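This is what each chain is made of:
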Amino acid sequence: MTKSNLHSPPTSLTIDQCTSIGREKETVVADMDGTLLRGRSSFPYFALVAFEVGGIFRLLLLLLCSPLAGVLYYFISEPAGIQVLIFATFVGMKVSDIESVARAVLPKFYASDLHPEAWRVFSSCGKRCVLTANPRIMVEAFLKDFLGADMVLGTEVDTYKGRATGLVRGGGVLVGKRKAEALRNAFSETSLPEIGLGDRETDYPFMSLCKFSFYGHQLEGFCKGYSQAELRLKESYIVPAKPEVEAVSHDKLPKPIVFHDGRLVQKPTPFMALLTILWIPVGFLLACLRIAAGALLPMPLVYYAFWALGVRVYIKGNPPPPAKKSIGQSGVLFICSHRTLLDPIFLSAALGRPIPAVTYSLSRLSEFISPIKTVRLSRDRATDAAMIKKLLEAGDLAICPEGTTCREPFLLRFSALFSELTDELVPVAMANRMTMFHGTTARGWKGMDPFYYFMNPSPAYEVNFLNKLPHELTCGAGKSSHDVANYIQRMIAASLSYECTNFTRKDKYRALAGNDGTVVEKPKVDANKVMGC
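Residues numbered from 1 in each chain as written. Predicted model: local features only at pLDDT ≥ 70, side-chain atom pairs only at ≥ 80, totals over all residues. Heavy atoms only, no water.

You'll find the chain entered in an unreviewed UniProt entry as Glycerol-3-phosphate 2-O-acyltransferase 6, with Vitis vinifera given as the organism. Here the chain is described in UniProt, under the heading Subcellular location (unreviewed entry), as follows: "Membrane". As recorded by UniProt, the Sequence similarities (unreviewed entry) comment attached to the chain reads in full: "Belongs to the GPAT/DAPAT family." (UniProt positions renumbered as here; feature names shortened; annotations may be inferred.)

Structure, rendered in structure tokens:
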């Protein structure tokens, strides 16, 4: 038998020629970048880790190293190019921080780039394995939790005392023959996968296992050191770069992404990363100016000041007039969907008067710069009910019964407490638009939330006042508090074309931050004890 070229493709078949019927008992092994994902570059995902863990300076370091990584990758050594990206991104980072970003930030971006044909085949198989040059710590959470992968074989990042060294362990970066060797070791006690999916020349070794090819039903060759009984990789398919295809739509994702974290809105390609780095100093100064305008100007002028400074505020519906204390009229309770901590401020700007708000958690900095009165909820039902009633006697009040923000088109479960306290309920559907930065975080410091929101070049808020709840649908007419809360949730969801869920604040923080979102107040220090009196 003549020795064939090592770099010749193992198959002439493309992914669209692979059937996905009757694969329940078969095993598939697939590459990630360019195969399961449409994009062939992993730079944006390294950039996300760099920015979310290390900030702007780590992102700058990665961007400065990327030309060297590109030269090495395309002209000298693919593993060396990837190693440069790994080192620039991970060196010195806490392993726990990397894992947190991999769990809370990256899935949203990975899921938005899922290749439809590769996913069709991958999802049809009973056992799924992913073989990738990407660091396993970076991709495993998404592949297992969202794509149902049973096994993830990736590059192992070296660690020391809980921090990444930036070097790689074991056999180095999984590229070329190392992928084939990793696959053989992983399946040493079982039969090899029946289907192999890849997209580039360095995937051929694991797809063909040293020149094992399959055209139709004819065995073309076998690898030295393997018996024909061992060679069970019956089918190999190439995922071509062209023609370009649309990513799997959000409604067809295997698992909807309700919660995600991170500050960046767009995937940071090299150009977007450079633009972000250049914009942040300018954006921060602009954010300070916008925040100062909102905090210092009279509320009737804030709406116009925001527009003058590039913040778009759109008002829909008919807002109710302020309560008349002279005739004993109690205030209206505005029930707002929760997009950012700025919801009550934009509600006040839309009404032209400051509306106090009750909040579940707020940083001291945000509380200090807020142009409206904010009152913390104690999470004790009786205490909070008494406080809200007292505030309503003084005038109008805003509350976000979801208890936390949600970025996606979903509404979390509404707490029913508000519906028991008054029948004067006005639902308000809040929506916003950000192009560069998210104004919310579950993992980071919430004090920066308003700054990040106002750092967007032209952020927008839509305040939609819905009809006041009819008396016959309130608790005063005999409706249960849960029925009222659920009805208002459905009203707001319908106006926004959102989906209602039963998720809560605890669900969000457990998914993103590994805790239940409870804010523990720091104990106050007794000054007398400190002074020794």
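Draft legend 1. Broad picture of the pairing of strand 6 (residues 195-198). Along strand 6, one buried face is formed by Ile195 and Leu197 and the opposite face, lined by Gly196 and Gly198, is buried too. One ladder, built from 3 bridges, connects strand 1 (residues 27-30) with strand 6; its direction is parallel. Across the sheet, Val28 pairs through a bridge with Ile195, a residue of strand 6. Bridging between strand 6 and strand 9 (residues 235-238) involves 4 bridges; their strand directions are parallel. (Buried < 20%, exposed > 50% of the residue type's maximum accessible area, 1.4 Å probe, protein only. Helix = DSSP H or I, 4+ residues; strand = E, 2+ residues; numbered from the N terminus. Pairing = 2+ DSSP bridges.)

Draft legend 2. Summary view of the pattern of salt bridges. All told, the structure shown has 23 salt bridges when counted by the stated rule. For the salt bridge of Arg263 with Asp449, the shortest nitrogen-to-oxygen distance reads 2.9 Å. Taken together, the positions of Arg263 in the loop between strand 9 and helix 9 (270-296) and Asp449 in helix 14 (residues 449-454) put the pair 186 residues apart, joining distant regions of the chain. For the pair Arg263 and Asp449, a shared accessibility class is recorded, and that class is buried. Shared partners join several salt bridges into a network, and the residues in it are Arg136, Glu140, Lys144, Glu156 and Arg169. (Salt bridge = Lys/Arg side-chain N within 4 Å of Asp/Glu carboxyl O.)

Draft legend 3. Broad picture of the UniProt feature "transmembrane region" (unreviewed entry) in the chain. Look at the UniProt record and you will see "transmembrane region" (unreviewed entry) annotated at residues 45-65 and 271-293. With 100% helix and 0% strand, residues 45-65 has end C-alpha atoms that lie 15 Å from one another. Taken end to end, residues 271-293 is 100% helix and 0% strand, and its first and last C-alpha atoms sit 32 Å apart.

Draft legend 4. Quick peek at the packing of aromatic side chains. Evaluation of the coordinates by the stated rule reveals 20 aromatic pairs. Taking 5.3 Å as the distance between ring centres and 35° as the angle between the ring planes, the aromatic pair formed by Phe306 and Phe346 counts as tilted. Here Phe306 is found in helix 10 (residues 299-308), whereas its partner Phe346 is found in helix 11 (residues 343-351), with 40 residues between them in sequence. Here Phe306 matches Phe346 in class, with each residue buried. (Phe/Tyr/Trp six-rings, centres within 6.5 Å; stacked < 30°, edge-to-face > 60°.)

Draft legend 5. Looking closely at the packing of helix 3 (residues 95-104) against helix 6 (residues 136-145). Closest axis-to-axis distance for the helix 3/helix 6 pair is 8 Å, and the angle between their directions is 35°. Where helix 3 crosses over helix 6, the handedness of that crossing is right-handed. Side by side, helix 3 and helix 6 meet where Val95, Ile98, Glu99, Ala102 and Arg103 of the first sit next to Ile137, Met138 and Ala141 of the second. The residue inventory of the contact of helix 3 with helix 6, partitioned by class, reads 6 nonpolar, no polar and 2 charged. (Axes fitted to C-alpha atoms, helices over the stretch in contact; angles between N-to-C directions. Left-handed = near helix turned anticlockwise from the far one by under 90°. Contact = heavy atoms within 4.5 Å. Nonpolar A, V, L, I, M, F, W, Y, C, P; charged D, E, K, R; others polar.)

Draft legend 6. Layout of the side chain of Arg290. Tracing the chain through its elements places Arg290 in helix 9. No salt bridge is formed by the buried Arg290; the nearest opposite charge belongs to Asp449, separated by 15 Å. Looking at Arg290, its side chain comes within polar contact range of the main-chain oxygen of Pro457, at 2.9 Å. With near-sequence residues (within four places) excluded, Arg290 lies in contact with Phe306, Leu309, Gly310, Val311, Phe454, Asn456, Pro457 and Pro459. (Lys, Arg positive; Asp, Glu negative; His and termini not counted. Polar contact = N/O pair within 3.5 Å; in protein donor to acceptor, adjacent residues only side chain to side chain.)

Draft legend 7. How the structure looks around the sheet that holds strand 1. Pairing is parallel across the open sheet formed by 5 strands, whose spatial order is 3-2-1-6-9. Each edge of the open sheet carries a strand with a single partner, namely strand 3 (151-155) and strand 9. In this sheet, neighbouring strand axes are inclined to one another by 15° on average, regardless of whether the strands run parallel or antiparallel. Packing of helix 7 (residues 177-186) onto the sheet brings it into contact with strand 1, strand 2 (127-135) and strand 3, and relative to strand 2 it is tilted by some 140°.

Draft legend 8. Layout of empty space enclosed by the protein. As enumerated under the stated definition, the model contains 3 cavities of 30 Å³ or more in all. For the largest cavity, the calculated volume is near 490 Å³. Taken together, 37 residues line the largest cavity, and the ones lying closest to its centre are His338, Thr340, Leu341, Leu342 and Leu362. Elements represented by at least two residues in the lining of the largest cavity include exactly helix 9, helix 11, strand 12 (357-359), helix 12 (364-369), helix 14 and helix 16 (505-512). By residue number, the principal contributor to the lining of the largest cavity is helix 9, which donates 4 residues. (1 Å grid on protein atoms, 1.4 Å probe; cavity = no way out; pocket = protein on both sides within 12 Å on 5 of 7 lines; lining within 4 Å. Points joined across faces, edges and corners; volume = space filled by probe spheres on them.)

Draft legend 9. Just the environment of Val426, in detail. Among the secondary structure elements, Val426 is positioned in strand 16 (residues 425-433). For the pair Val426 and Ala398, spaced 28 residues apart in the sequence, the C-alpha separation amounts to 9.6 Å. Residue contacts for Val426: discarding those within four places in its chain leaves Pro320, Val332, Leu333, Phe334, Ile335, Leu466 and Lys468.

Draft legend 10. Quick look at the sheet that holds strand 11 (residues 333-336). Pairing is mixed in the open sheet, where 7 strands are placed in the order 10-17-16-11-14-12-13. Every other strand in the sheet has two partners, leaving strand 10 (312-317) and strand 13 (374-376) as the edge strands with one partner each. On average, each strand axis in the sheet is tilted by 25° relative to the strand beside it, whichever way the strands run. Along the sheet, helix 11 makes contact with strand 10, strand 11, strand 12, strand 14 (397-399), strand 16 and strand 17 (460-465), crossing strand 17 at roughly 70°. Contacts from helix 13 (residues 381-394) reach strand 11, strand 12, strand 13 and strand 14, with the element oriented near 140° to strand 14.

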